[in-house]
Amino acid sequence: MKKNAALAATALAALTLGLAACAPAGAENAAASASCPDGKIRFGILPYEDPERLEPAYQVLAKALSEKLDCEVEVSITEDYAAEVLAMENDQLEIAQFGPLGFVFANERAQAEPLASFGDAEGNPTTYTGGIWVPKDSKIQSIEDLPGHTLALGSPGSTSGDALPMSAITDAGIADEVTADYAGGHPEALLALVNGTVDAAQINSQTLATATAEGTFDTSKFRQIWESDPIPNDPITVRGNLPQEFKDAVSDALLSLDAEDVAEVSGFLGVDPAGPLIPATTKDYQPLFDLAKTMGLTEADV
């Protein structure tokens, strides 16, 4: 497999660490309490979309959460997937939303515990899929036709943007014959395909829904040649070494949020119409633990 970061230089924007405190709910002088032990809660977000687009959506969720907990919730969109795991491991985040595979590493490194995930309007768990797309007139008809071609991936450590498509290529026995380049993120991989700078690109169902709705991707001009099995949607987690009282308070607050509080975030995750957050457990993500074991993945691969 020939894998590099050449496409990252052509990304729309660098994914940089951003801190944006949402409007505090009277929490500037918050007394220590079970739900606000240090006067604020730092909420980490993985950069699965342009941070400038993600930040307003997460501010809505964070504001509602801060009101439930009577504690300032500070949103931190991390530089990349690895930075988010490292931040929680180093006690720099109290809660965080991880991608499914990122959660595996966060669980191993920071004992991250899932509290909630994104439900549909009926309160059912939601999933998404990874995919590989090519231009409609491409000679590539299946994943077996990828040797000798370029493939845009998302970011290192991404479930649908890295691990699953590379697992599929590896299973097909063609990993050494495909030039797989990290584009810098899901939107950047899609853009590389639209601009014709690669022969194929990973595009998951979440990015596909967003880009199609915005008119930045015309599905009539492209074809999907591979699709993954359904992937459970992202968990919102809490750091394992925090007091149980805090974990319980955050869990109760998350699960009591109204659907409209999470609707903007749910939209980025392909959940429409959005429902309230629903409970999540480590068992829900067992297929990702199995994938990491099968592929021999560690945090070093992020």
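Heads up: the structure comes first, above all this text.
A quick note: this is a predicted structure, and the numbers were derived from the prediction, not measured.

## As for the environment of Glu 264
- With respect to the secondary-structure elements, Glu 264 resides in helix α8 (residues 259-268).
- Residue classification places Glu 264 among the partly exposed positions, given a relative accessible area of 44%.
- Sequence separation between Glu 264 and Val 60 is 204 residues; the distance between their C-alpha atoms is 7.9 Å.
- When neighbours within four sequence positions are excluded, Glu 264 is seen to be in contact with Pro 56, Ala 57 and Val 60.

## A word on the environment of Phe 98
- Inspection of the secondary structure puts Phe 98 in the loop between β5 (95-97) and α3 (100-110).
- When its relative accessible area of 1% is taken as the criterion, Phe 98 is described as buried.
- Along the sequence, Phe 98 and Ile 236 sit 138 residues apart, while their C-alpha atoms lie 6.6 Å from each other.
- If we skip the residues at most four places from it in the chain, Phe 98 touches Leu 46, Glu 84, Val 85, Met 88, Phe 103, Ala 106, Ala 112, Asp 234, Pro 235 and Thr 237.

## Considerations on the nonpolar core
- Phe 98, Ile 132, Leu 146 and Ile 169 are the most contacted members of the largest nonpolar core, which totals 42 residues.
- Broken down by element, the residue count for this core peaks at 6 residues, all from α3.
- If sequence neighbours within four positions are ignored, Ile 132 has contacts with Ile 143, Leu 146, Leu 151, Pro 165, Ala 200, Ala 201, Gln 202, Arg 223, Gln 224, Ile 225 and Trp 226.
- Counting residues in hydrophobic clusters, the runner-up holds 38 residues, among them Ala 64, Val 238, Leu 269 and Leu 277.

## Topic: the packing of α3 against helix α9 (residues 286-295)
- Where α3 contacts α9, the two axes come as close as 9 Å, and the packing angle between them is 75°. Compared by their axis directions, α3 and α9 come out roughly perpendicular. In contact with Pro 100, Leu 101, Phe 103, Val 104 and Asn 107 of α3, α9 contributes Leu 288, Phe 289 and Ala 292.
- Considering only residue class, the contact of α3 with α9 consists of 7 nonpolar, 1 polar and no charged.

## Observations concerning the side chain of Ser 160
- By the secondary structure assignment, Ser 160 is in helix α4 (residues 159-171).
- In contact with Ser 160, other than residues within four places in its own chain, are Tyr 128, Gly 130, Pro 165, His 186, Gln 202, Asn 204 and Ile 231.

## Topic: the state of the cysteines
- One pass over the full model with this rule turns up 1 disulfide.
- A sulfur-sulfur distance of 2.0 Å marks the disulfide that ties Cys 36 to Cys 71. The S-S bond linking Cys 36 to Cys 71 shows a torsion near 65°; that makes this disulfide right-handed. A residue pair is termed long-range when its members are at least 10 positions apart, and Cys 36 in the loop between β2 (18-21) and β3 (40-45) and Cys 71 in the loop between α1 (51-69) and β4 (72-77) qualify at 35 residues.
- Its relative accessible area of 0% is what places Cys 36 among the buried residues.
- The buried category is assigned to Cys 71, whose relative accessible area is 0%.

Reading the values: the criteria
- Residues numbered from 1 in each chain as written.
- Predicted model: local features only at pLDDT ≥ 70, side-chain atom pairs only at ≥ 80, totals over all residues.
- Heavy atoms only, no water.
- Helix = DSSP H or I, 4+ residues; strand = E, 2+ residues; numbered from the N terminus.
- Buried < 20%, exposed > 50% of the residue type's maximum accessible area, 1.4 Å probe, protein only.
- Contact = heavy atoms within 4.5 Å.
- Core = buried A, V, L, I, M, F, W, Y, C linked by side-chain atoms within 4.5 Å.
- Axes fitted to C-alpha atoms, helices over the stretch in contact; angles between N-to-C directions.
- Parallel < 35°, antiparallel > 145°, perpendicular 65-115°, else oblique.
- Nonpolar A, V, L, I, M, F, W, Y, C, P; charged D, E, K, R; others polar.
- Disulfide = S-S within 2.5 Å.

Nothing here speaks to function; it is all geometry.
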